[in-house]
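Notes for the structure review
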Amino acid sequence: MSGANTRDIAEMFDRISRTYDRLNHLFSLGVDRHWRRKAIRELKLGSHAVLLDCGAGTGDMALTALRSHSETRLVLLDPALSMLKIADAKAGDIPPDRFVLVRGCAEGLPFPDSVFDNFMVAFGIRNFANLPAGIAELHRVLRPGGRGVILEFTPDRSRRIDRMFQWYMRRILIPLGARVSRNPVAYAYLSDTMAAFLTSGELEQLFSRTGFVCRSQRRLSAAIATLFV
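Here is a short report on the structure shown in this document.

A few words on the nonpolar core. Within the largest apolar cluster, 46 residues are counted, with the highest numbers of intra-cluster contacts made by Phe 13, Leu 74, Phe 99, Met 120, Leu 151 and Tyr 187. With eight residues, helix α1 (residues 6-27) is the largest single contributor of residues to this core. Once residues within four sequence positions are removed from consideration, Leu 74 is found in contact with Leu 51, Ala 62, Leu 66, Arg 98, Phe 99, Val 100 and Met 120. With 27 residues, the next largest nonpolar core counts Cys 54, Ala 106, Ile 135 and Ile 150 among its residues.

What follows covers the pattern of salt bridges. According to the stated counting rule, one finds ten salt bridges in the structure shown. Between Asp 32 and Arg 36 there is a salt bridge, with its nearest N and O atoms 3.8 Å apart. Note that Asp 32 and Arg 36 are positioned in helix α2 (residues 31-43) at a spacing of four residues, about one turn of the helix. You can call Arg 36 buried: its relative accessible area is 9%.

Following the sequence through the fold, Glu 42 ends up in helix α2. For Glu 42, a relative accessible area of 13% gives the class buried. Every residue in contact with Glu 42, bar those within four places of it in the chain, is listed here: Arg 147, Val 149, Arg 218, Leu 227 and Val 229.

Right, let's get into the sheet that holds strand β7 (residues 225-228). In space, the seven strands of this open sheet follow the order β3-β2-β1-β4-β5-β7-β6, with mixed pairing throughout. With partners counted over all chains shown, the strands left at the sheet margins are β3 (99-103) and β6 (217-220), one partner each. Sheet twist, expressed as the mean angle between neighbouring strand axes with direction ignored, is 20°. Sitting on the sheet, helix α5 (residues 131-141) is in contact with β1 (50-54), β4 (116-122) and β5 (142-152), with an inclination near 140° to β5.

A covalent bond bridging the sulfur atoms of two cysteines is what the word disulfide describes. For the structure on display, the rule yields zero disulfides. Summary of cysteine pairing: Cys 105 is not part of a disulfide, and the nearest cysteine sulfur, belonging to Cys 54, is at 8.7 Å. Overall, the relative accessible area of 25% leaves Cys 105 in the partly exposed class.

What the rule picks out here adds up to six aromatic pairs. Relative to Phe 123, the ring of Trp 35 lies with its centre 5.8 Å away and its plane at 50°, an arrangement referred to as tilted. A residue pair is termed long-range when its members are at least 10 positions apart, and Trp 35 in helix α2 and Phe 123 in the loop between β4 and α5 qualify at 88 residues. Each member of the pair, Trp 35 as well as Phe 123, carries the same accessibility label: buried. What links up through ring pairs into an aromatic cluster is the set Trp 35, Phe 123 and Phe 153.

Here the focus is the pairing of β6. Bridging between β6 and β7 involves four bridges; their strand directions are antiparallel. Considered in β7, the bridge of Gln 217 is made with Phe 228. Linking β6 to β7, which pair antiparallel, is a turn of four residues; within it Ser 221 sits at a positive phi near 50°.

The rules behind each value
Residues numbered from 1 in each chain as written. Predicted model: local features only at pLDDT ≥ 70, side-chain atom pairs only at ≥ 80, totals over all residues. Heavy atoms only, no water. Core = buried A, V, L, I, M, F, W, Y, C linked by side-chain atoms within 4.5 Å. Buried < 20%, exposed > 50% of the residue type's maximum accessible area, 1.4 Å probe, protein only. Helix = DSSP H or I, 4+ residues; strand = E, 2+ residues; numbered from the N terminus. Contact = heavy atoms within 4.5 Å. Salt bridge = Lys/Arg side-chain N within 4 Å of Asp/Glu carboxyl O. Pairing = 2+ DSSP bridges. Axes fitted to C-alpha atoms, helices over the stretch in contact; angles between N-to-C directions. Disulfide = S-S within 2.5 Å. Phe/Tyr/Trp six-rings, centres within 6.5 Å; stacked < 30°, edge-to-face > 60°.

Below you can see the structure in the form of structure tokens.
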């Protein structure tokens, strides 16, 4: 999917939405849950915080935040309607005004300036069709002094770990993901974006140019993922 735009990416995620959660947890051996909890702790959410989950997918990150901060108001944004429908089903009896679902893209967030206390993006910035524009939009909607976290796969692993990671993607992730989801293109795309994405240093430079202050970047699980604050 070279040169994919927001619509292409949304349609791809719509097609794999039914098996998305199951494969995520399987491929990470459940470690992705630990990563999400760690990221949410770094948000240091205040009481009654208004929190944007950008690229919310099926709502795992948002629901994790609500379990530990029940007074938080969540706004979940994603371009893939099927993913949001799953998030809505998982929300259960959470009041709709505290778990708001919005279909949209990061490059044109449909919100006023400085409206959110916090934001989070879990493994989503690789899918921004225009990464600088998406980061600039996150900066625009965050209130002055607000705090955000970004979880992402970055190619900062040691040579040994990277060889193991590449083997895992080629031999396990892509074939199994293609077979279970019945969409080989989607899992080849996800693997390609992981391998070709910016390094942590390059991302930190982008954040700085946008106006953010990167308080920390933390390697997780042998640098398979990186948490930016």
